[in-house]
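# Results of the structural survey
Letter by letter, the chains look like this.
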Amino acid sequence: MIEIGLFLGGSAARWLQTSPDIIVICVDPWLDGWAGDYAAKYGNSEFQDQLNAKEGLFQTFLVNLSACSSRVIPVRDASPEALLKLFLLGVQPDLVFLDATKTIDDLLVCHQLWPSAILTGDDWSWELEGDFLAKDAVIKFASKHGFEVIHKRQSWLIVKEPERDPQTVG
Ligand SMILES: C[S@@+](CC[C@H](N)C(=O)[O-])C[C@H]1O[C@@H](n2cnc3c(N)ncnc32)[C@H](O)[C@@H]1O
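Only a predicted model underlies this, so the values are computations on that prediction, with no experimental measurement involved.

Read from one edge to the other, the open sheet built from seven strands follows the order 3-2-1-4-5-7-6, with strand pairing classed as mixed. Of all strands in the sheet, those bounded by a partner on one side alone are strand 3 (72–75) and strand 6 (148–152). Strand-to-strand twist of the sheet, defined as the mean angle between neighbouring strand axes without regard to direction, takes the value 20°. Two elements, strand 1 (residues 2–4) and strand 4 (residues 95–98), share three bridges in a ladder whose sense is parallel. Looking across to strand 4, one finds that Ile 4 is bridged to Leu 98.

Quick look at the structure:
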């Protein structure tokens, strides 16, 4: 799978623990200069200096996933540009988990490059100044292609093919 937007690797750790064979290609620029203050703002000030240090965010991500490092491929680059580079390298993910920009661009590019990949992500009902960015992008993408969307709590999943009654198949 490809995950877009890793931060400290919390969600990736879950995929790696849940699926012992999965390989996670992790796309995130892990830019310096914001994560420490962000963590402090949400009550984790003990990590502020570590995350604000040069390379602190990226190094913390690597350490957090070190137990599964053989199944973690960090790609320190921004989506959607990084996705095209992965495609040109021959990467064919079964699933893409989107948790970065909350715009429709990542969805459109993923679907263009990998039409049969499962597209899923986070932040369904996350609101920023009255806008539901992820939800709006997902609904717009789904309606453009005639796909359905399933969501539960913050998770969402694009359903590309409605489930068929096994008795009617073939
Ligand atoms: C909400 S956090 C990800 C949280 C993570 N998926 C989890 O649940 O533990 C968003 C991340 O997206 C990254 N990000 C922002 N813009 C990005 C882009 N264009 N491409 C890839 N990652 C990006 C940020 O650096 C940040 O680490």
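Read on for the rest.
A contiguous nonpolar patch, built from Leu 31, Trp 34, Tyr 38 and Tyr 42 and spanning about 460 Å² of accessible area, is present on the exposed surface. Position of Trp 34 among the secondary structure elements: in the loop between strand 2 (24–27) and helix 2 (35–41). Classification of Trp 34 as partly exposed rests on a relative accessible area of 37%.

This part is about the pattern of salt bridges. Per the counting criterion, the structure on display carries four salt bridges. Here Lys 102 and Asp 99 are joined by a salt bridge, their closest N and O atoms 2.4 Å apart. Each member of the pair, Lys 102 together with Asp 99, is buried. By sharing partners, the salt bridges in this structure join Asp 99, Lys 102 and Asp 123 into a single network.

Within the sequence span of helix 5 (residues 81–88), burial applies to Ala 82, Leu 83 and Leu 86. Axial view of helix 5: buried residues confined to an arc of 105°, hence all on one face. On its buried side, helix 5 packs onto strand 1, strand 2, strand 3 and helix 6 (104–113). One or two steps after helix 5, the chain reaches Gly 90, where phi turns positive at roughly 95°.

Before going further, it helps to spend a moment on the packing of aromatic side chains. Under the criterion given, the structure shown has ten aromatic pairs. Between Phe 7 and Tyr 38, the aromatic rings sit 5.7 Å apart at their centres with planes inclined by 85°, giving edge-to-face as the arrangement. With Phe 7 in the loop between strand 1 and helix 1 (10–18) and Tyr 38 in helix 2, the pair connects residues that are 31 residues apart, well separated along the chain. Three or more aromatic residues joined by ring pairs make a cluster, and in this case those are Phe 7, Trp 34, Tyr 38 and Tyr 42. In this structure, Lys 135 is placed above the aromatic ring of Phe 132, and the distance from its NZ or CZ to the ring centre is 5.0 Å.

Glancing now at the side chain of Asp 28. For Asp 28, the position within the fold is in the loop between strand 2 and helix 2. The buried charged residue Asp 28 lacks any salt bridge partner; its closest oppositely charged side chain belongs to Arg 76, at an N-O distance of 7.2 Å. A polar contact is formed between the side chain of Asp 28 and the backbone nitrogen of Phe 7, at a distance of 3.1 Å. Residues in contact with Asp 28, not counting those within four places in the same chain, are Gly 5, Leu 6, Phe 7, Val 75, Arg 76 and Asp 77.

Bringing a negative patch on the surface into the picture now. Taken together, Glu 127, Glu 129, Asp 131 and Asp 136 make up a surface patch of like negative charges. The residue Asp 136 is located in helix 7 (residues 133–145) in this model.

What counts and how
- Residues numbered from 1 in each chain as written.
- Predicted model: local features only at pLDDT ≥ 70, side-chain atom pairs only at ≥ 80, totals over all residues.
- Heavy atoms only, no water.
- Pairing = 2+ DSSP bridges.
- Helix = DSSP H or I, 4+ residues; strand = E, 2+ residues; numbered from the N terminus.
- Axes fitted to C-alpha atoms, helices over the stretch in contact; angles between N-to-C directions.
- Patch = residues over 30% accessible without salt bridge, like charges linked within 9 Å, V, L, I, M, F, W, Y side chains within 5 Å.
- Areas by Shrake-Rupley, 256 points an atom, 1.4 Å probe, with all protein chains shown as cover.
- Salt bridge = Lys/Arg side-chain N within 4 Å of Asp/Glu carboxyl O.
- Buried < 20%, exposed > 50% of the residue type's maximum accessible area, 1.4 Å probe, protein only.
- Arc of directions from axis to C-beta.
- Contact = heavy atoms within 4.5 Å.
- Phe/Tyr/Trp six-rings, centres within 6.5 Å; stacked < 30°, edge-to-face > 60°.
- Lys NZ or Arg CZ within 6 Å of the ring centre and 35° of its normal.
- Lys, Arg positive; Asp, Glu negative; His and termini not counted.
- Polar contact = N/O pair within 3.5 Å; in protein donor to acceptor, adjacent residues only side chain to side chain.
- Charge placed at Lys NZ, Arg CZ, Asp CG, Glu CD.

Worth remembering: the numbers are spatial, not functional.
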